[in-house]
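# A structural walkthrough
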Amino acid sequence: SARVDRSVRPTDHSPRFESILSLRRFAMPRSSFSTVSLLLALFAVSAQILPPAHALKIEFVGKAPKFKVFSGVKPDDFFKITFGAIKELDASGNAVTGRSISSLASQKLTEWTEKDVTLGNGTAKEVRMRFDLSTSKHLQKPCGGGKPCGTSCAHFDKAKHQIDVVVYLVENNTAVPYGNSAITVKSNSVKFNVESENWPFCDAANSLSVTTDIETVEKVASNDAVVNTTNRTNTTGSSSGEPEGTEVTLPSGTSAVEFDLPTIALVDDVETNVTVTVDASSSGTSTRFDFVFPNFKSLYYDPTVGFEDESGVESSSSSTGGSSTGGSSINYDGVDDETASTTTASPGIRATPALAPIALVAALNAMLAFLVD
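Everything numeric here is computed off the predicted structure, so don't read it as measured data.

The next subject is the pattern of salt bridges. Counted under the stated rule, the structure contains 11 salt bridges. Where Asp213 meets Arg288, a salt bridge forms, and the shortest distance between an N and an O atom there is 2.6 Å. Here Asp213 is found in strand β13 (residues 207-216), whereas its partner Arg288 is found in strand β20 (residues 286-294), with 75 residues between them in sequence. Accessibility expressed as a relative area gives 25% for Asp213, which makes it partly exposed. By relative accessible area, Arg288 is classed as partly exposed at 42%.

Structure, rendered in C-alpha cells:
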C-alpha cells in the first residue's frame, strides 16, 4: 500500500505546501506496486502544478489593526494595512494638544472577537478590534495640555468612549446598506470599517483625522498597473448607485490592488461628507490615506479593498485548518514580530516550484519501473 502525507508549513509571505511521499512495500506483485507508485507520483506532480484556488488570506501582525492580505492566485503579491495616527483637529486643521494617538496599531486592545456573520445578502468572516479610549495614556490630559488626569478627566463622561476597527473577509458578492445608498462588495475582497463612539472632543467645531498606511510589493516590469486615483460622484442621499467615493488603484508585484473609499460617513446616523486624502509614492509601494471626520457622537465608515483580477470571483470551498469561510481564510499570527508566524490555516493548494522537480523525478522513476516490469 502507499501513503501520502501532506504537511502545511506557513511562511511570512505565503503558505507553502510540502508533499512527502512515503511508500511501504508489503507482499504484493512487483507490477502492482509499480502501478500504485506511478499513480501516486503523478498525483504528487499534479498537486504541485494545479492553479491555486481563488482564496484570499489575511494575516494579522499581533492582535492589532495591522494586517496583510495575500492574493489567492499570486501568493507573493500582498498589501498591508496599518492604522496609524489619530488626531483631533481644531477648526483651522491643527492638531489639538492632548488629543492624539500616535499609532492605533500600537495601542492595547480591550476586545478582540472573530466570527462568521451575515453581510448584506452574503456571508463573511469578521474580526473586530476594540479600543477603550479612556485607558489611552495619550488622551488622559485636559484640553490644551497639562498634567495627566487619568480616567477621572472630565471629558470621559459617557458610559462608552471607544473606537473599533472591523475587518471583513467577504466570500460572496453582496450589497451592504450604507445610509441611503448601498455599497457593492465583491467576493474575495476585504472591508475594513472604522466605528467610534464618544471621542472626547474639546470643541464642537473640531474634527478627527484617522490615517492608514498601505504597503504593497514593488511591481514587476510586466505589470502595466499604475497608481491611479478617481473620484466617483453621486449626490449625497441618493439611493441609486454607489455612494460618493474615491477609487484608488495601486500596483503590487504582478497584481493591482483596488481601494473603494467612500467620501461620506454615517455621523450620528446621518450621511455626512468626509475628506479623503491620498498620498501615494510614484511606485505605489508606500501610500497613506487620511480620513477627516466631523465632530460626532457615533461614527461609521466603510471602505472596501481587493485584488483587481480576483474580486468578484467565487472562492473554491477547499481550505485546510484554521478559521475559514469557503475557500478564504483569516489567520492571526499571535506575535508582534513580522518575521515570525505561527499561522496554520491555508486557503488551498498552491504551486511550490521548489518541490515540483522532486515530484517529477519520482514520477519518471516510477514510470521507468513500470515499463521494466
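A word on the packing of aromatic side chains. All told, the structure shown has 13 aromatic pairs when counted by the stated rule. Aromatic pair Phe201 and Phe296: ring centres 5.3 Å apart, planes at 90 degrees, arrangement edge-to-face. Remark: Phe296 occurs in the loop between β20 and β21 (298-301) and Phe201 occurs in the loop between β12 (189-197) and β13; sequence separation between them is 95 residues. In this pair, the class of Phe201 matches that of Phe296, namely buried. Three or more aromatic residues link up through ring pairs in this structure, and these residues are Phe79, Phe259, Phe289, Phe291, Phe293, Tyr301 and Phe307.

Every second residue of strand β3 (residues 57-60) is oriented toward a common face, with Lys57 and Glu59 on one face and Ile58 and Phe60 on the other, all of them buried. Inspection of the sheet shows β3 paired to strand β4 (residues 66-70) by four bridges, in the antiparallel sense. By the bridge assignment, Lys57 is partnered in β4 with Phe70. The hairpin formed by β3 and β4 contains five residues between the paired strands, and Gly62 there has a positive phi angle of roughly 70 degrees.

What follows concerns the nonpolar core. The biggest cluster of nonpolar side chains holds 61 residues, and the ones touching the most others in it are Ile81, Met129, Val167, Trp199, Phe259 and Tyr301. Ranked by residue count, the leading element in this core is strand β9 (residues 162-170), at seven residues. Discounting residues that sit within four places of it in the chain, Phe259 has contacts with Phe79, Ile81, Phe192, Ile214, Thr246, Glu247, Val248, Leu250, Phe289, Thr304 and Val305.

It is worth spelling out the confidence of the model for the chain at this point. Caution applies to low-pLDDT regions: their predicted coordinates should not be interpreted in detail. Predicted confidence across the chain gives a mean pLDDT of 74, with 64% of residues reaching 70 or more. The element-level mean pLDDT for the chain is lowest in strand β2 (residues 15-23), coming to 31, with β21 highest at 97. Predicted confidence is poor over residues 315-322, with pLDDT under 50, and the contacts of this stretch with residues over four places away or in other chains come to 28 contacts.

Unlike most non-glycine residues, Asn198 shows phi in positive territory, near 60 degrees. As for its placement among the helices and strands, Asn198 is situated in the loop between β12 and β13. Judged by relative accessible area, Asn198 falls into the buried class, the value being 15%. Phi is positive for Asp268, close to 50 degrees, though the residue is something other than glycine.

So, on to the state of the cysteines. Note on terminology: a disulfide is the covalent bond linking the sulfur atoms of two cysteines. Counted by the stated rule, this structure contains one disulfide. There is a disulfide in this structure between Cys143 and Cys202, and the S-S distance comes to 2.0 Å. Here the S-S torsion is close to -100 degrees, and the disulfide linking Cys143 with Cys202 is therefore left-handed. Of this pair, Cys143 sits in the loop between β8 (122-132) and β9 while Cys202 sits in the loop between β12 and β13, and the two are 59 residues apart along the sequence.

Consecutive side chains of a regular strand alternate in pointing toward one face of the sheet and then the other. Burial of strand β17 (residues 264-267) is two-sided: the residues Ile264 and Leu266 facing one way and the residues Ala265 and Val267 facing the other way are all buried. Note: β17 against strand β18 (residues 270-273), four bridges, orientation antiparallel. Within β18, the position partnered with Val267 by the bridge is Val270. As consecutive antiparallel partners, β17 and β18 are separated by two residues, and within that stretch Asp268 has a phi angle of approximately 50 degrees, a positive value.

Calculation criteria
Residues numbered from 1 in each chain as written. Predicted model: local features only at pLDDT ≥ 70, side-chain atom pairs only at ≥ 80, totals over all residues. Heavy atoms only, no water. Salt bridge = Lys/Arg side-chain N within 4 Å of Asp/Glu carboxyl O. Helix = DSSP H or I, 4+ residues; strand = E, 2+ residues; numbered from the N terminus. Buried < 20%, exposed > 50% of the residue type's maximum accessible area, 1.4 Å probe, protein only. Phe/Tyr/Trp six-rings, centres within 6.5 Å; stacked < 30°, edge-to-face > 60°. Pairing = 2+ DSSP bridges. Core = buried A, V, L, I, M, F, W, Y, C linked by side-chain atoms within 4.5 Å. Contact = heavy atoms within 4.5 Å. pLDDT = per-residue confidence, 0-100. Disulfide = S-S within 2.5 Å.

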